[in-house]
Amino acid sequence: APNQKWLADLTYVPTAEGWLYLALILDLYSRKFVGWAMSDAMPQELTLAALAMALGWRDPPAGLTHHSDRGSQYAAGDYRKVLAARGITVSMSRKGDCWDNAPMESANGTVKVECVHGAGFKTRAEAAQALVEYFGYYNTERLHSSLGYLTPSEFERRWRAENEQRGTIAR
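Residues numbered from 1 in each chain as written. Predicted model: local features only at pLDDT ≥ 70, side-chain atom pairs only at ≥ 80, totals over all residues. Heavy atoms only, no water.

## Examining the overall build of the chain
Rule in force here: Starting at the N terminus, helices and strands are each numbered in turn, a helix being any DSSP run of H or I of at least four residues and a strand any DSSP run of E of at least two. Atoms considered for the radius of gyration are the C-alpha atoms alone. The globule rule reads 2.2 Å times the number of residues to the power 0.38. For every residue, the accessible area (1.4 Å probe, protein chains only) is compared with the maximum for its type, and the residue is labelled buried under 20%, exposed over 50%, or partly exposed between those bounds. Each accessible area is a Shrake-Rupley estimate made with a 1.4 Å probe; only the visible protein chains count as cover when residues are assessed. Counted as positive: Lys and Arg. Counted as negative: Asp and Glu. His and the chain ends are not counted at all. Throughout, a charge is located at the NZ atom of Lys, the CZ atom of Arg, the CG atom of Asp or the CD atom of Glu.
Helices and strands together make up the secondary structure of the chain, namely six helices and five strands. Its helices and strands in sequence order give the chain the pattern β-β-β-α-β-α-α-β-α-α-α, from N to C terminus. The C-alpha atoms of the chain give a radius of gyration of 16 Å, which matches the 16 Å a tight globule of 171 residues would have. Counting only C-alpha atoms and orienting by the principal axes, one finds that the chain spans roughly 55 × 35 × 30 Å. Burial analysis of the chain (171 residues in total) assigns 43% to the buried set. A total of about 8800 Å² of accessible surface is found on the chain, and carbon and sulfur atoms cover 52% of it. Across the chain, the centroid of the 19 positively charged side chains sits 6 Å from that of the 19 negatively charged ones.

## With respect to the pairing of strand β1 (residues 5–15)
Going by this rule: Note on pairing: DSSP must find at least two bridges between two strands before they are called paired.
Where burial is concerned, most of β1 is hidden: eight out of the eleven residues are buried. As judged from the three bridges shared by β1 and strand β4 (residues 65–68), these two strands associate in the parallel manner. Along β4, the bridge assignment pairs Trp-6 with His-66. Of the strand pairs in this sheet, β1 and strand β2 (residues 18–27) are connected by ten bridges, and their pairing is antiparallel. Bridging across to β2, Val-13 finds its partner in Leu-20. The hairpin formed by β1 and β2 contains two residues between the paired strands.

## Describing helix α6 (residues 152–166)
Put simply, the rule is: Expected helix span is taken as 1.5 Å per residue step, with the number of steps being one fewer than the number of residues. Throughout, a residue-residue contact means that at least one pair of heavy atoms, one from each residue, lies within 4.5 Å.
Helix length check: α6, at 15 residues, gives a terminal C-alpha distance of 21 Å against a target of 21 Å (1.5 Å per residue), a fit within 8%. Residues of α6 that are buried make contact with β2, β3 (32–39), α1 (44–58) and α5 (124–140). Directly beyond the C-terminal end of α6, a positive phi value near 80° is found at Gly-167.

This is the structure we're talking about:
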């Protein structure tokens with residue numbers, strides 16, 4: 001179901017001005033991007049901003065599992081305090097094992113192939129605008145084979161409709 005397992009990771013986008021660092025949070029159930037933030041540096045505030053977006057949009061119940069690598073931004077005390085305050089379980093990859101977060105790495109790869117590679121962004125602002133537009137497309141228009149060729153938004157909408165009909169969630 002939505003909001004049971006979130007994946008998080010950092011990646012980077014080349015621009016003529018230098019790197020644009022991108023923090024992403026993905027709902028594993030629907031492969032929907034639920035949080036993101038961008039900056040010209042990688043402080044813990046970057047990951048905190050992506051987490052704040054995800055928590056603001058989704059307001060998940062306690063018990064959500066948040067999985068990331070062991071990067072200092074995710075291990076930081078402030079980040080873990082936000083997770084703990086919301087009753088979110090911390091899960092981190094084993095040391096040196098990128099396969100633990102394979103669906104997130106795959107999503108990063110998709111962003112790079114479909115939005116970044118070959119774009120030749122002149123500025124970080126240009127890259128950021130393209131990425132925001134891409135996330136809207138990705139969540140509402142891009143079909144996913146792992147979701148039966150539905151979009152993440154449609155996949156979640158159908159889940160909600162089925163569960164409301166069954167009475168397993170409130171309308």
